[in-house]
Amino acid sequence: MPSLLDKGRTHDCGSLRASDDGRDVVLFGWVHRQRDRGGRIFVLLRDRAGITQVVFGPDIDAAAHELAAGLRAEYCVAIAGKVISRGDNANPDMETGAIEVEGHEVEIFSASEPTPINIADDERLDALETTRLRYRYLDLRRPSLQRNFILRSKLATLTRQTLAEGGFLELETPYMVKYTPGGARNFLVPSRLSPGKFYALAESPQIFKQLFMVSGFDKYFQITRCFRDEDLRNDRQPEFTQIDIEMSFATPDRLFVEMEALMTRVWRELLGVELEAPFPRMPWAEAMARYGNDKPDVRFGLELQDITDLVSSSSFTVFASAEYVKGICVPPEHAAHFSRGRLDKLTSFVKQREHGGAKGLAWAKIKEDGSWQSPIAKVLGAELCDQIAAKMGAAPGSTLLIVADDFHTTHTALSALRLELRDSLDLLAGAPAWRFLWVTSFPLFESSDRGWVSSHHPFTSPRVEDIPLLDEDPGKVLAQAYDLVLNGNEIGGGSIRIHRSDVQAKIFEVLGLSKEEVEQKFAFLLEAFRYGPPPHGGIAFGLDRIAMLMCGAESLRDVIAFPKTSRGQDLMTGCPSGADDEQLAELFITHRPLPGAD
RNA sequence: GGGGGCGUAGCUCAAUUGGUUAGAGUGGCGGCCUGUCACGCCGGAGGUCGCGGGUUCGAGUCCCGUCCACCCCGCCA
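Residues numbered from 1 in each chain as written. Chains lettered and ligands numbered in written order. Predicted model: local features only at pLDDT ≥ 70, side-chain atom pairs only at ≥ 80, totals over all residues. Heavy atoms only, no water.

### Brief notes about the domain arrangement of chain A
Operational definition: A domain assignment, automatic or from a database, supplies the domain bounds used here.
The domain architecture assigned to chain A consists of domain 1 (4-114), domain 2 (122-140 + 561-590), domain 3 (146-251 + 435-559) and domain 4 (300-424). Once you take the C-alpha centre of each, domain 1 and domain 3 turn out to be 51 Å apart.

Below you can see the structure in the form of structure tokens.
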């Protein structure tokens, strides 16, 4: 008997409808479930497009019925049969529920042992993360994960299409690059041909894409892998994918227009969502002042209110002596939420180090007559209380939550508190689903124990009007740098680059880099910039992160096919692993005894 | 580097104050069933309680160490 494989499949498992009634079909797929009722056997056949019910019976085809009795979950099979309408017996919960296929022929391509992950229980049962990673190919069979990867694929395709149509050239850059200390840790690749020397895996194509601009490829993009040897998180993997973009003769405005066109098209075609462009923009300083955060979630209010000036001469020394006194005013409809116990919990919340480590949380509940129920009402005095309430926009029933501390602590704590309240007060119910925001004008430098360091990278251009400040007060210089923020997540960032060598030299000077260091690290870039570099700038988006948000996934691991654990291991293949002595010898590599080993 | 924290049947979990033979659901196996759709019913099978050590008459449970999924801080220009 000829194999159904040769005959070929006529349909996928997600497309048959009532209008196909009577059609002869061949389906390939995996057994999702098998329900044996004796004289009737129901098999749900699954492929990446969907699930179709097949029915077997001795009266339909005795041989097929007998074979179907032996089918088990995850057998890979072919089924030939006739589509019949289920009429009144339709299953409204299935996309193909209007029909089923009468099974006339079954061919088992391969059997399956019982699977460690029950794929048919997708959505209902959560397998342990270790099991999922160990048997990743089975985890990836789950319909919910397949949906993620199908969407991710469309995202990449549509991005390519949109950028190509916009005149961007897709160009490749090396993964194996020169090692440069500083910034993210590099993965090192030993060189056999140059013993004792190493390549580094690229953290990003940053310098190469700037060189493309010097070459005259005035619009470039690449969907490319980046590698960083840093500790992992829920939303961070050691290798991840960037949509990397650079434009010559760019201004932030021109770049934003192109990127907004990309995002609106992707959201429209993949999610059916119409985004409003241009996206709002907010200087970094405003984001910090209003939200305490450089990637604010602007889907809800609870903005920070500044009362530093009001309380600077109050007799409450905690307030009077603090660098910043700011707070959140929670509207009256949430008054019932703030029991004494809850306020205590919020106090310890802001005291936790990861939430800023504030010294405390001052609170006040505004009573009907406008007076305060608060431990600090007395020391502040009624008049000051009224002024604070007015400044913070409070009404009877409002709850005020106030932190007094230095800039960093105050904003970190209130930002964390704001997000905590978002979740516990369910503030996103009815909120717009997607709020994009450009955060602009970041400080060019941050101070560290080693002096000034670039907050973005050393090729980021300062605002032209701030160039004189480079000498006087580097901390005040603002950068032509921008992040694209979506619902409180940074999904991309970039900048206009420096193309003037005098400005670049000045930046290196502020960063405390000697001529020799500059020469050693960036000689080729500076040399290139001697030959007519165009003004240019660009941006890079985290493709994985965008895919994660579009899918509604909670972890990057759900949009990366073969992810690593939080310790950077692949539980399926068992990497990283050791290497043969022979190969190590060829590379002239020995390693020190491991700590704890005898 | 630091903090939190999971680990018991193939899978997901339970097991009281340290006490008899470590249970349930699901899956798997055998049987029955002609309209199931998380099918149902009956039967029996299935365990290195992560690993190592200790306390105890007795440890899944307490103590010490260790490995480890996962989450967070630092880190990620």
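### So, the protein's contact with RNA strand B
Inclusion rule: Neighbouring residues are identified by heavy atoms, a residue being near a molecule or strand if any of them is within 4 Å of it. Between N or O atoms, a polar contact is any pair within 3.5 Å; within protein, one atom must be a potential hydrogen donor and the other a potential acceptor, and residues adjacent in sequence are included only when both atoms are from side chains. Each helix is a run of H or I in the DSSP string that is no shorter than four residues. Each strand is a run of E no shorter than two, and both are numbered from the N terminus. Three classes are used, and their members are as follows: Ala, Val, Leu, Ile, Met, Phe, Trp, Tyr, Cys and Pro are nonpolar, Asp, Glu, Lys and Arg are charged, and the others, Gly among them, are polar.
Surrounding RNA strand B, one finds 46 residues, the nearest of these being R35, R86, R124, L128 and H456. Counting only the atoms of RNA strand B within 4 Å of the protein, the fraction contributed by sugar and phosphate is 52%. D36 is positioned with one of its backbone polar atoms (N or O) 2.6 Å from a base nitrogen of RNA strand B. The side chain of E100 places a nitrogen or oxygen atom 2.7 Å from a base nitrogen of RNA strand B. When residues of the surface near RNA strand B are traced back to their parent elements, those giving at least two are β1 (24-36) and α3 (129-134). A per-element tally of the surface near RNA strand B places α3 first, with four residues. Looking at side-chain class alone, the surface near RNA strand B contains nine nonpolar, 17 polar and 20 charged residues.

### A short note on the nonpolar core
Here is the rule: Remark: nonpolar core denotes a set of buried residues (Ala, Val, Leu, Ile, Met, Phe, Trp, Tyr, Cys) joined through side-chain atoms within 4.5 Å. With a 1.4 Å probe rolled over the protein chains alone, any residue whose accessible area is under 20% of its type maximum counts as buried; one over 50% counts as exposed, and the rest are partly exposed. In what follows, a contact means two residues having at least one pair of non-hydrogen atoms within 4.5 Å.
Counting residues in each nonpolar core, the largest one holds 41 residues, and the members touching the most others are I245, M259, M263, W267, F436 and F541. If you tally residues by element for this core, the top one is helix α7 (residues 252-271), at eight residues. Beyond its immediate chain neighbours, meaning those up to four positions away, W267 contacts G272, V273, L275, W434, F436, L486, I546 and M550.

### Focus: the sheet that holds strand β7 (residues 176-177)
The criterion, for reference: Only when DSSP finds a minimum of two bridges between them are two strands counted as paired.
The strand order across the open sheet formed by three strands is β7-β9-β8, and the pairing between neighbours is antiparallel. Sheet topology places β7 and β8 (188-190) at the edges, where each strand pairs with a single neighbour. Taken together, the three bridges between β8 and strand β9 (residues 198-201) define a ladder with antiparallel strand orientation. Across the sheet, residue P190 finds its bridge partner in β9, namely F198.

### Looking at empty space enclosed by the protein
What counts, and what does not: As defined here, a cavity is a set of points on a 1 Å grid over the protein atoms alone where a 1.4 Å probe fits but cannot get out. A pocket is an open set with protein on both sides within 12 Å along at least five of seven lines, and residues line them when an atom is within 4 Å of a point. Grid points are joined across faces, edges and corners, and a volume is the space filled by probe spheres set on the points.
Counted under the stated rule, the structure contains two cavities of 30 Å³ or more. Approximately 40 Å³ is the volume found for the largest cavity. Taken together, L133, R136, F562, P563, D570 and M572 make up the full set of residues lining the largest cavity. For the lining of the largest cavity, the class distribution of residues is four nonpolar, no polar and two charged. Looking at the second largest cavity, the residues that line it are T173, P174, Y175, A202, S204, P205, T224, R225 and C226.

### A closer look at the pattern of salt bridges
Stated precisely, the cut-off is as follows: Whenever a carboxyl oxygen of Asp or Glu lies within 4 Å of a side-chain nitrogen of Lys or Arg, that contact is scored as a salt bridge.
By the definition in use, this model includes 43 salt bridges. Across the salt bridge formed by R142 and D122, the nearest N and O atoms sit 3.0 Å from each other. Taken together, the positions of R142 in the loop between α4 (136-139) and α5 (143-165) and D122 in the loop between β5 (99-110) and α3 put the pair 20 residues apart, joining distant regions of the chain. On the basis of relative accessibility, which here comes to 9%, the residue D122 falls in the buried class. Residues joined in a network through salt bridges with shared partners are D122, E129, R132, R136, D139, R142, R557 and D558.

### So, the confidence of the model for chain A
The cut-off we apply is this: A score from 0 to 100, pLDDT tells how confident the predictor is in each residue.
Chain-level pLDDT for chain A is 92 on average; 98% of the residues reach the 70-or-more range. Strand β19 (residues 445-448) is the least confidently modelled element of chain A, averaging 84 in pLDDT, while strand β6 (residues 169-170) averages 98, the highest of any element. Our summary of model confidence lists the complex with pTM equal to 0.93 and ipTM equal to 0.90.

### Details of a nonpolar patch on the surface
Cut-off, in case you're wondering: To count toward a patch, a residue needs a relative accessible area above 30% and no salt bridge. Like charges then connect within 9 Å, nonpolar side chains (Val, Leu, Ile, Met, Phe, Trp, Tyr) within 5 Å. Accessible surface is estimated by sampling points in the Shrake-Rupley manner with a 1.4 Å probe; for residues, cover comes only from the protein chains shown.
Taken together, Y175, M176 and Y199 make up a surface patch of nonpolar side chains, about 290 Å² in accessible area. Note on placement: Y175 falls in the loop between β6 and β7. A relative accessible area of 40% means that Y175 is categorised as partly exposed.

### Here's the deal with the pairing of strand β4 (residues 76-85)
With seven of ten residues buried, β4 lies mostly within the body of the structure. Pairing of β1 with β4 involves seven bridges; the strand directions are antiparallel. Among the inter-strand pairings, W30 is bridged to a residue of β4, identified as C76. Direction of pairing for β4 relative to β5: antiparallel, over a ladder of ten bridges. Looking at β5, one finds that V83 is bridged to V101.

### Considering the packing of aromatic side chains
For the record, the criterion: Centres within 6.5 Å make a pair out of two Phe, Tyr or Trp rings, where for Trp the six-membered ring is used; the pair is then stacked when the planes are under 30 degrees apart, edge-to-face when over 60, and tilted otherwise. In our convention, an over-ring charge means Lys NZ or Arg CZ found within 6 Å of a ring centre and within 35 degrees of that ring's normal.
A complete count under the given rule lists 16 aromatic pairs for this structure. Judged by centre distance (5.3 Å) and plane angle (40 degrees), the rings of F212 and Y220 are tilted. When its relative accessible area of 0% is taken as the criterion, Y220 is described as buried. Ring geometry for F508 and F522: centres 5.7 Å apart, planes at 5 degrees, overall stacked. Of this pair, F508 sits in helix α16 (residues 501-510) while F522 sits in helix α17 (residues 515-528); the two residues are 14 residues apart in sequence, bridging distant segments of the chain. Judged by relative accessible area, which is 4%, F508 ranks as buried. Each residue in the set W267, F279, W434 and F436 is aromatic and connected to the rest through ring pairs, giving one cluster. The ring of F168 has K219 sitting right over it, with the charged end atom 4.6 Å from the ring centre.

### Some points on the sheet that holds β4
Spelled out, the test is: Angles run from 0 to 180 degrees between N-to-C directions of axes, and those axes are lines fitted to C-alpha atoms, restricted for helices to the stretch in contact.
Taking strand neighbours around the barrel as the criterion, the five strands line up as β1-β2-β3-β5-β4 in a closed arrangement whose pairing is mixed. The average undirected angle you get between the axes of adjacent strands in this sheet is 55 degrees. With two bridges joining them, strand β3 (residues 50-56) and β5 adopt parallel strand pairing. Note that in β5 the partner of V55 across the bridge is E102. Against the sheet, helix α2 (residues 62-69) engages β1, β2 (41-47), β3 and β5, with an angle of about 65 degrees to β5.

### Overview of the layout of surface pockets
Roughly 1000 Å³ of internal volume is contained in the second largest pocket. Together, 34 residues line the second largest pocket, and F187, L188, D229, P576 and S577 are the ones closest to its centre. Those elements that place two or more of their residues in the lining of the second largest pocket are β8, β9 and α19 (581-586). Considering every element that reaches the lining of the second largest pocket, the biggest residue donor is β8, with three residues. Residue composition of the lining of the second largest pocket, by class: 16 nonpolar, nine polar and nine charged.

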